[in-house]
Amino acid sequence: MSIKIAIVDDNTFLIHSIKEKLSFFDAIDIKHTSLNGSELLTKLQENHNLDVILMDIEMPVLNGIETTQIVKQKYPHIKIIMLTVFDNDENIFNSIKAGADGYLLKEVNPEQLHNGITETLNGGAAMNPSIALKTLKLLRNPIDIDNPRDKEDISLSTREVEVLEQLSKGLSYTAIAENLFLSPSTVRKHIENIYKKLQVHSKLEAVQKAKRHNII
C-alpha cells in the first residue's frame, strides 16, 4: 500500500532534493508540492486524501507552524513532519504545540527520512537525536523557551490592538480592512508595526504573545 505524501517548501531546489531522497522507496507516492502554507490549504480543500505532509517552517504568506495548526484542526488524520534547517528551541516548541507529529532536519539521509515517515505513521514521532534531546530539555525546563524580551512592556495603540484581535480570529487582511473601515495597505502597515513592537515574525507568534501579555 502506498504512502501518500505532500511536500511544502518555498525552495523548489529543496523540494526536488526531498523528492530525490524519497525516489528510492517504491511505497512513497508524492501527490503534490506547495511553495507555502496557503497553497497547500487550497490543494487540501480539493483533496485531503494524504497520509503525511513534510512541512518547512520559514515560508512566505503562511509559515509552517501556522499551517500545521490549521491542517491539524481541519484534517487531524494527516500526519505532519516538520522538515527544516532550523533546530532552535522556539521552533521545536511551537511546532509541537501546533500539533506536529515529528521534526527532522533537512540534512537527513534518504533512509532516515523514510524511517521517520513510517515510524510516524505507526504512531511514533520522527526526530533527529539532537532534536529529541532538545525536546526532552524543553519538557524538563519549559521556562527555557520563554524569550527574555517577553518581560518588556509592550505598548500597542488602540487601533493596533483592534487589528490584532481581528487577526486572532483568523481573518484575512481584506476582511480586517472591511471590518475596521481601513484600506488593506493600512492594515498591512499596522501588522508590520505590531510585529516590530512584539518582536515576532508571524501571525501565530503575534497572537500567542499578545494573549500571554493579556493584550487581547
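Above this text sits the structure in question.
Throughout, residues of each chain are indexed from 1 in the direction in which the sequence is written. Owing to the predicted nature of the model, reporting of local features is limited to residues with pLDDT of at least 70; listing and counting of side-chain atom pairs is limited to 80 or more, with chain, interface and lining totals taken over all residues. Only hydrogens and water are set aside; all other atoms, that is, all heavy atoms of the structure, feed into the side-chain values.

### With respect to helix H7 (residues 158-168)
For the record, the criterion: Only protein chains enter the accessibility calculation, which uses a 1.4 Å probe; a residue whose area is less than 20% of its type maximum is buried, one above 50% is exposed, and one in between is partly exposed. Helical segments are the DSSP runs of H or I of at least four residues, strand segments are the runs of E of at least two, and each set is numbered from the N terminus. Whether two residues touch is decided by their heavy atoms; if any such pair falls within 4.5 Å, the residues are in contact.
By the burial criterion, the buried members of H7 are Glu160, Val161, Val163, Leu164, Gln166 and Leu167. On its buried side, H7 packs onto helix H8 (173-179), helix H9 (184-198) and helix H10 (203-212). With its phi angle positive at about 80°, Gly170 sits one or two positions after the end of H7.

### Observations concerning the packing of H7 against H10
Cut-off, in case you're wondering: Whenever a helix is involved, its axis is fitted only over the stretch in contact; in every case the axis is a line through C-alpha atoms, and angles between N-to-C directions fall within 0 to 180 degrees. Just so you know how the angles are binned, under 35 degrees is roughly parallel, over 145 roughly antiparallel, 65 to 115 roughly perpendicular, and the rest oblique. Crossing handedness is defined as follows: a turn of the near helix away from the far one that is anticlockwise and smaller than a right angle gives a left-handed crossing, while the clockwise case is right-handed.
At a minimum axis distance of 10 Å, the contact between H7 and H10 shows a crossing angle of 115°. As summarised for this structure, H7 and H10 are arranged roughly perpendicular, according to the angle between their axes. Between H7 and H10 lies a crossing whose hand is left-handed. Residue-level inspection shows Leu164, Leu167 and Ser168 of H7 in contact with H10, the latter providing Lys203, Ala206, Val207 and Ala210.

### Some thoughts on the environment of Lys209
Along the chain, Lys209 turns up in helix H10. With relative accessibility at 5%, the residue Lys209 sits in the buried group. Through-space distance from the C-alpha of Lys209 to that of Leu198 is 7.3 Å; in sequence the pair is 11 residues apart.

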